[in-house]
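Each chain, written out:
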Amino acid sequence: MTMTTPTTVGQACPECEEQVQISESVRLSEILECAGCSSELEIVALNPTMLALAPEVEEDWGE
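Position labels on residues start from 1 in each chain and follow its written sequence. Reporting in this predicted model follows two pLDDT cut-offs: at least 70 for local features of residues, and 80 or more for side-chain atom pairs to be given and counted; totals over whole chains, interfaces and linings ignore these cut-offs and use all residues. The basis for the side-chain values is all heavy atoms of the structure; hydrogens and waters are excluded.

Enquirer: Help me understand unusual backbone geometry in this model?
Expert: Residue Pro48 is bonded to the preceding Asn47 through a cis peptide linkage, with omega at 5°. Examined against the element boundaries, Pro48 turns out to sit in the loop between strand S4 (40–46) and strand S5 (49–53). Here Glu17, not a glycine, exhibits a phi torsion of approximately 70°, which is positive. Numbering of helices and strands starts at the N terminus; helices are DSSP runs of H or I of at least 4 residues and strands are runs of E of at least 2. Of note, Glu17 is situated in the loop between strand S1 (8–12) and strand S2 (19–23). Phi is positive for Ser38, which is not a glycine, with a value near 65°. Among the structural elements, Ser38 can be located in the loop between strand S3 (31–33) and S4. A relative accessible area of 48% places Ser38 in the partly exposed class. Residue exposure (1.4 Å probe, protein chains only): buried if accessible area is under 20% of the type maximum, exposed if over 50%, otherwise partly exposed.

Right under this line is the structure:
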């Protein structure tokens, strides 16, 4: 039985330009964390894979 490692691609963090390793099995809207600046990043496109800063979670004052 052959074991294969998941393939990853590098993408620059939009905040600090650090390379973020992204698995090829990543899903749209998945949240990753940058190892360089700890920013939360969202996968906004898959082909090609693109990162953007994840939106801040806002408190819902209407409840």
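Enquirer: What should I look at first to understand the state of the cysteines in this one?
Expert: Where two cysteines share a covalent bond between their sulfur atoms, that bond is called a disulfide. What counts as a disulfide here is a pair of cysteine sulfur atoms lying within 2.5 Å. For the structure shown, the criterion picks out zero disulfides. Considering cysteine sulfurs only, Cys34 is the nearest to Cys13, which forms no disulfide, with 3.8 Å between them. There is no disulfide at Cys16, and the cysteine sulfur nearest it, in Cys34, is 3.7 Å away.

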